[in-house]
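For reference, the chains in residue letters:
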Protein chains: 2
Amino acid sequence: MSATAPGSAYAPTERTIPSRGRKRATYDRALVHAILDEGYVCHLGFVRDGAPVVLPTLYARVGERLYVHGSTGSRPLRAAGGPDGGSGDGLPVCLTVTHLDGLVLARSAFHHSVNYRSVVVHGTAREVTGPAERAAALDALVDQAVPGRSADTRPPSARELAATAVVALDLAEVSAKVRTGGPNDEPEDLGLPHWSGVLPVRRTFGPLVPADDLAPDVAVPDYLAAF
Amino acid sequence: MSATAPGSAYAPTERTIPSRGRKRATYDRALVHAILDEGYVCHLGFVRDGAPVVLPTLYARVGERLYVHGSTGSRPLRAAGGPDGGSGDGLPVCLTVTHLDGLVLARSAFHHSVNYRSVVVHGTAREVTGPAERAAALDALVDQAVPGRSADTRPPSARELAATAVVALDLAEVSAKVRTGGPNDEPEDLGLPHWSGVLPVRRTFGPLVPADDLAPDVAVPDYLAAF
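Residues numbered from 1 in each chain as written. Chains lettered and ligands numbered in written order. Predicted model: local features only at pLDDT ≥ 70, side-chain atom pairs only at ≥ 80, totals over all residues. Heavy atoms only, no water.

Identification of chain A as Flavin-nucleotide-binding protein from Streptomyces carminius is taken from an unreviewed UniProt entry.

And the structure:
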């Protein structure tokens, strides 16, 4: 490992140590990456006029950096330093990705829960202005949805690039939480007549729906056939 | 309809009118309810020490009110007016629920998108202290996961109730966004050789995983057999 290689875990900070449920918190870098790479939509939180705002948006991970993108006219992206009035100081954000894996049904109402994996990233979102990083980020956003897809599209035109703001958030202040397994019923409840266990929740894909105007000679590419 | 019945739509406000993508915004009450009722986990945003925080948490809808719950020791629930130091004024929050319905693959990178349904609720979360509303909210939180389940559990004990904070958020300042359908490719891109269409994304359930300690004579109840 080189001297600059990241460690195997993110360093906890005051705000990434949960006030409750600490035993479910983890800072493992590989696990954080895996949770992020399995997602498409994050929930991006920021403060506007003193009040919280949480918006769903697409994201992509490239190494230790996350990217989100949007119209240059969108309010949060402008605030992150866009050309139309951003301060240039960046926008404090909290970016959260959650996968629901199961509904946990305990004998007691109190111990009902869910199995899940989530990542919470705190930091400052900053607009990406370098053309090379912007292009790589936009490719990553397409490939986060379907790996390999960006090479099989018409790349952005100058006009499209000018209309798109790309914002970066470094993975530095990061935590994950994971719950797995069955219900944690109280010992005195084990004899109760209520069914207890887990109802797994999964995400499934397909079948593909071709565009109405897709020419009949355009085959489904290999990178999509896997779905 | 009585004079106090809510209208068929929420009234837009400055912060529920999006700066971009207005054509996808809707305030239809029945649609908002349907999106909320299909979800389990929301992303709850609030401001702590001037910075945004977004945490995934379970929620339930009862009429025009959402409930979330948690330990009385959790920081956001304390801030919403809990017994351990809350101001009693409530906590400004933004609560967002998102369903991903499909990955939209256009010929151009620029027109890649997702089909989704989301609801964003702005407001002030306030702790629920009345015993009857607290009990109804806790039942609703169990039934949001599996309708009918709360009647087939051991209800909360006095000790469990004392450890649980319930917070309410009224559905007043609410908007939804919905994208459906295929890619919106540029006319000049229609002849390109890239496959174009939608990869649907669905949530599936099961098969049930019984608890390790489930007695063999406890049958799967009817309300679970539907999954």
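Asker: Account for the relation of the copies chain B and chain A, with residues named and values stated.
Answerer: Placing chain B over chain A gives an RMSD of 0.0 Å and needs a rotation angle of 180°, together with 0.0 Å of translation along the axis. Expressed as an axis order, the relation between the two copies is that of a two-fold axis. For chain B, the smallest separation between a C-alpha atom and the rotation axis is recorded for Arg203(B), amounting to 2.3 Å. The residues that chain B uses at the interface reappear at the interface of chain A in 100% of cases, marking a shared surface. (Least-squares fit on C-alpha atoms with pLDDT ≥ 70 in both. Contact = heavy atoms within 4.5 Å.)

Asker: Can you break down the pattern of salt bridges residue by residue, with the values?
Answerer: Residue and element names in this part refer to chain A. Taken as a whole, this structure holds 24 salt bridges over all chains when the rule is applied. For Asp37, the salt bridge identified is with Arg61, shortest N-O distance 2.8 Å. A residue pair is termed long-range when its members are at least 10 positions apart, and Asp37 in helix 1 (residues 29–37) and Arg61 in strand 4 (residues 60–62) qualify at 24 residues. With a relative accessible area of 36%, Asp37 lands in the partly exposed category. (Salt bridge = Lys/Arg side-chain N within 4 Å of Asp/Glu carboxyl O. Helix = DSSP H or I, 4+ residues; strand = E, 2+ residues; numbered from the N terminus. Buried < 20%, exposed > 50% of the residue type's maximum accessible area, 1.4 Å probe, protein only.)

Asker: An account of the confidence of the model for chain A is needed here, citing residue identities and associated values.
Answerer: Residues of chain A with pLDDT of at least 70 account for 94%, and the chain-wide mean is 91. Across residues 82–86 of chain A, confidence stays below pLDDT 50; counting only partners more than four residues off in sequence or on other chains, it has 9 contacts. (pLDDT = per-residue confidence, 0-100.)

Asker: Account for helix 1 (residues 29–37) of chain B, naming residues and giving values.
Answerer: Residues and elements named next belong to chain B. Residues of helix 1 that are buried include every one of Arg29, Val32, His33, Ile35 and Leu36, and no others. One face of helix 1 carries all of its buried residues, which in axial projection span an arc of 165°. The backbone nitrogen of Ala30 lies 3.3 Å from a side-chain oxygen of the residue at the head of helix 1, namely Asp28. (Arc of directions from axis to C-beta. Polar contact = N/O pair within 3.5 Å; in protein donor to acceptor, adjacent residues only side chain to side chain.)

Asker: Give a detailed account of the side chain of Arg179(A), specifying residues and quantitative values.
Answerer: Residues and elements named next belong to chain A. Inspection of the secondary structure assignment puts Arg179 in strand 9 (residues 173–179). We note that Arg179 is buried and unpaired, the nearest opposite charge coming from Asp185 at a distance of 8.9 Å. A distance of 3.5 Å separates the side chain of Arg179 from the side chain of Ser113, its partner in a polar contact. Dropping the residues within four chain positions of it, Arg179 is found in contact with Arg24, Val104, Ser113, Val114, Asn115, Tyr116 and Asn184. (Lys, Arg positive; Asp, Glu negative; His and termini not counted.)

Asker: Report on the packing of aromatic side chains, specifying residues and quantitative values.
Answerer: Per the counting criterion, the structure on display carries 2 aromatic pairs over all chains. Centre to centre, the rings of Tyr40(A) and Phe205(A) are 6.2 Å apart; their planes meet at 75°, and the pair counts as edge-to-face. You can see Tyr40(A) sitting in the loop between helix 1 and strand 2 (41–48) and its partner Phe205(A) sitting in strand 10 (residues 197–205), a full 165 residues away along the chain. By relative accessible area, which is 9% here, Tyr40(A) ends up buried. Taking the ring centre of Tyr10(B) as reference, the NZ or CZ of Arg29(B) above it sits at 4.3 Å. (Phe/Tyr/Trp six-rings, centres within 6.5 Å; stacked < 30°, edge-to-face > 60°. Lys NZ or Arg CZ within 6 Å of the ring centre and 35° of its normal.)

Asker: Which residues make up the side chain of Arg154(A), and what values go with them?
Answerer: Topologically, Arg154(A) is positioned in the loop between helix 3 (131–145) and helix 4 (158–162). Apart from the residues within four sequence positions on either side, Arg154(A) is in contact with Glu160(A), Arg107(B), Ser108(B), Ala109(B), Glu186(B), Asp189(B), Leu192(B) and His194(B).

Asker: Explain the nonpolar core residue by residue, including any values.
Answerer: The biggest cluster of nonpolar side chains holds 28 residues, and the ones touching the most others in it are Leu36(B), Leu95(B), Val119(B) and Val121(B). Mapped onto this core, the elements with two or more residues apiece are helix 1, strand 2 (41–48), strand 5 (65–71), strand 6 (91–105), strand 7 (113–127), strand 8 (164–170) and strand 9 (173–179) of chain B. Looking at this core, the element that brings in the most residues is strand 6 of chain B, giving 4 residues. With near-sequence residues (within four places) excluded, Val119(B) lies in contact with Val32(B), Ile35(B), Leu36(B), Leu95(B), Thr96(B), Val97(B), Val174(B), Ser175(B) and Ala176(B). Grouped together as the second largest cluster of nonpolar side chains are 27 residues, Val32(A), Ile35(A), Leu44(A) and Ala125(A) included. (Core = buried A, V, L, I, M, F, W, Y, C linked by side-chain atoms within 4.5 Å.)

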